[in-house]
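# Coordinate inspection notes
Listed here are the chains, written in short residue letters.
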Amino acid sequence: MSGVRTRFAPSPTGALHVGGVRTALFSWLFARHHGGAFVRRIEDTDRERSRPEWEAGIIEALRWLGLDWNEGPFRQSEREPFYATQVERLRQAGAVYPCTCSAEELAARRGDGFGYDRRCRPGHGPGPNPDRAAALRLKIPLGRTVVIDDLVKGPVAVSTDDIDDFVIVRSDGTPTYQMVVTADDIDMRITHVIRGDDHLKNTAKQILIYEALAATPPAFAHLPQVLGADRGRLSKRHGATDVLSYRDAGYLPDALVNFMARLGWAHGDDEFLTRSQLVELFDLAGVGRSAGVFDREKLDWLNGEHLRRLADPEIATLLRDFLARRGETLEGDPAWQARLAGVLRDRARTLEELAEQSIALRTASIHIDPKAAQRCLSPEIVAPLRQLQSALQRCGEWRAAELETTVRATADALGLKLGALAQPLRVALTGSTASPGIFDVLELVGRERSAARIDHALAVAAGGPP
Ligand code: GLU
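Residues numbered from 1 in each chain as written. Predicted model: local features only at pLDDT ≥ 70, side-chain atom pairs only at ≥ 80, totals over all residues. Heavy atoms only, no water.

## Quick word on the overall build of the protein
- Looking only at helices and strands, one finds 20 helices and 12 strands in the protein.
- Relative to a compact globule of 466 residues, whose C-alpha radius of gyration would be 23 Å, the protein shows 32 Å and is clearly more extended.
- Projected onto the principal axes, the alpha-carbon positions of the protein cover approximately 105 × 45 × 35 Å.
- Sorting the 466 residues of the protein into buried and exposed places 48% on the buried side.
- Taken as a whole, the protein presents about 21,100 Å² of accessible surface, with 51% of it coming from carbon and sulfur. (Helix = DSSP H or I, 4+ residues; strand = E, 2+ residues; numbered from the N terminus. Rg over C-alpha atoms; globule rule 2.2 N^0.38 Å. Buried < 20%, exposed > 50% of the residue type's maximum accessible area, 1.4 Å probe, protein only. Areas by Shrake-Rupley, 256 points an atom, 1.4 Å probe, with all protein chains shown as cover.)

Next up, the structure:
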């Protein structure tokens, strides 16, 4: 293993959304590309909002996407004694000071002005009130510039005069996000912090904590945000943002991984990339400065491309699992299921579309669309369709090729064009005027079901209800 160590540090306060998982993916790809380690850390210090079920959902999403980790999960809620030792180090170094200003006092004094007025900082004001529980604030070294050498954005300079003496430990004794993240990144020997650029404002603060703990900061890479098609930050109003809802809508993990990698990262004009190609090619130099735009059409297209690379039995297995999650069973033996996948594979971009398009082929009964019935099942078709039905029942091998010969011969014998017979047959078998090739449909629907469906169509053609 190389020395590269990245981490994904979600807060279990909601479902893993597309922006969050893109962060996880880039950290994972970077670690895998360099043969390094990917660490998973659960940032559950917000006790009120953190829930085990959100954590379980995040893990399920990472597993589904195949973003495996080498270490963890570490849970911040289980590491409090460690944070206490790090706070103690800061105290010993004289890098922090107690503050007893209440939230109301701070708000009243702040007005519209800059954060904390440093009233409790030694040498700056009256100091803390000894009768109150104290928070701890970091003593920001004033008059300096912190430079973040960001691997995506380039150097970002921040004046320490613009940084609040922020809170490191709350007055109830709990350490804050800035403290625990920095302490953990040091302890877990993280070499590259890759995260959304909404964290950029935290980075200068965290660099000051590294300094106070006499630790070397890692490299930072802040990723541009993911935007919706309207260029607003991707959110619920753009449709599903929860990653597992893409699984439930029939997308493949490899397609979503490919799609998300392209949200802010590029390798020339390449769009379709397999997981192993991504691992081979991924590089932070390919991360652009502008936001990635979520384009659902592109996701659908990519999903279709990934689906088509799979063998029929693999597609059949995916369809079976997809239906199972919806509480439906895919009938038939594995050979029949693979044949079904083979017939439909080029017509669908997602498993949902595959499920949709295969309904007539995989379910016991169908519903005849009244418009299709009106168009194709007229009384004149009764005699030809009946003749076709008996010819089909005499067919030896119930296979597309033999069935084709039979249908063509029957049409010839009746002096009909193939379409004049095939189209009513299609409506009889699928209930609709559009379907995969009719001979494949016949084969898949099977001898008995075909006979029963043609019986029903004959009744409809003779004036019965569809
Ligand atoms: N827990 C933070 C979040 O979910 C991430 C912190 C970090 O990456 O430093 O936004």
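## Considerations on the pattern of salt bridges
- Applying the stated criterion across every chain, the model contains 37 salt bridges.
- Across the pair aspartate 185 and arginine 7 runs a salt bridge, and its minimum N-O distance is 2.9 Å. Of the two residues, aspartate 185 is situated in helix H5 (residues 177-187) and arginine 7 in strand S1 (residues 5-8); the sequence distance between them amounts to 178 residues.
- With relative accessibility at 5%, the residue arginine 7 sits in the buried group.
- A salt bridge links arginine 362 to glutamate 328, with the nearest nitrogen and oxygen atoms 3.3 Å apart. In this pair, arginine 362 sits in helix H14 (residues 359-362) while glutamate 328 sits in the loop between helix H11 (312-325) and helix H12 (334-344), placing the two residues 34 residues apart along the sequence.
- One network of salt bridges, with partners in common, ties together Arg7, Arg41, Glu43, Arg79, Asp184, Asp185 and Asp187. (Salt bridge = Lys/Arg side-chain N within 4 Å of Asp/Glu carboxyl O.)

## Some thoughts on the site of the ligand
- Near the ligand the following residues occur: Arg7, Ala9, Pro10, Ser11, Glu43, Tyr177, Val181, Arg195 and His199.
- Here an oxygen atom of the ligand sits 2.7 Å away from a polar atom, N or O, in the side chain of arginine 7.
- Here arginine 195 contributes a side-chain N or O atom positioned 2.6 Å from an oxygen atom of the ligand.
- For the ligand, whose free accessible area comes to 300 Å², the fraction covered by protein is 78%.
- When grouped by side-chain class, the residues that make up the shell around the ligand number four nonpolar, two polar and three charged. (Near = heavy atom within 4 Å. Polar contact = N/O pair within 3.5 Å; in protein donor to acceptor, adjacent residues only side chain to side chain. Nonpolar A, V, L, I, M, F, W, Y, C, P; charged D, E, K, R; others polar.)

## Brief notes about the nonpolar core
- Among the nonpolar cores identified, the biggest contains 52 residues, and Leu340, Leu377, Leu392, Leu425, Leu429, Leu442 and Ile454 are the most heavily contacted of them.
- The residues contacting leucine 442, other than those within four sequence positions of it, are Leu392, Trp398, Leu403, Val407, Leu425, Leu429 and Ser450.
- Val18, Phe38, Trp69 and Leu256 belong to the second largest nonpolar core, which has 48 residues in total. (Core = buried A, V, L, I, M, F, W, Y, C linked by side-chain atoms within 4.5 Å. Contact = heavy atoms within 4.5 Å.)

## Re the packing of helix H18 (residues 418-430) against helix H20 (residues 447-461)
- At a minimum axis distance of 8 Å, the contact between H18 and H20 shows a crossing angle of 110 degrees. With respect to each other, H18 and H20 are oriented roughly perpendicular. Contact residues: Leu425, Ala428 and Leu429 in H18; Ser450, Arg453, Ile454 and Ala457 in H20. (Axes fitted to C-alpha atoms, helices over the stretch in contact; angles between N-to-C directions. Parallel < 35°, antiparallel > 145°, perpendicular 65-115°, else oblique.)

## Some words on helix H17 (residues 400-414)
- The terminal C-alpha atoms of H17 lie 21 Å apart, and with 15 residues this matches the ideal 21 Å at 1.5 Å per residue to within 8%.
- Within H17 the residues assigned to the buried category are Ala400, Leu403, Thr406, Val407, Thr410 and Ala411. Down the axis of H17, the buried side of the element spans an arc of 130 degrees, and every buried residue falls inside it. The exposed residues of H17 that point more than 90 degrees off its buried face are Ala401, Thr405, Asp412 and Ala413. (Expected span 1.5 Å × (residues − 1). Arc of directions from axis to C-beta.)

## Notes on the sheet that holds strand S4 (residues 96-99)
- Taken in spatial order, the three strands line up as S4-S5-S8 in an open sheet, and their pairing is antiparallel. For this open sheet the edge positions go to S4 and strand S8 (167-169), each flanked by a neighbour on one side alone. With strand direction ignored, the average angle separating the axes of adjacent strands in the sheet is 45 degrees.
- Looking at chain direction, strand S5 (residues 135-138) and S8 are connected through two bridges and run antiparallel. (Pairing = 2+ DSSP bridges.)

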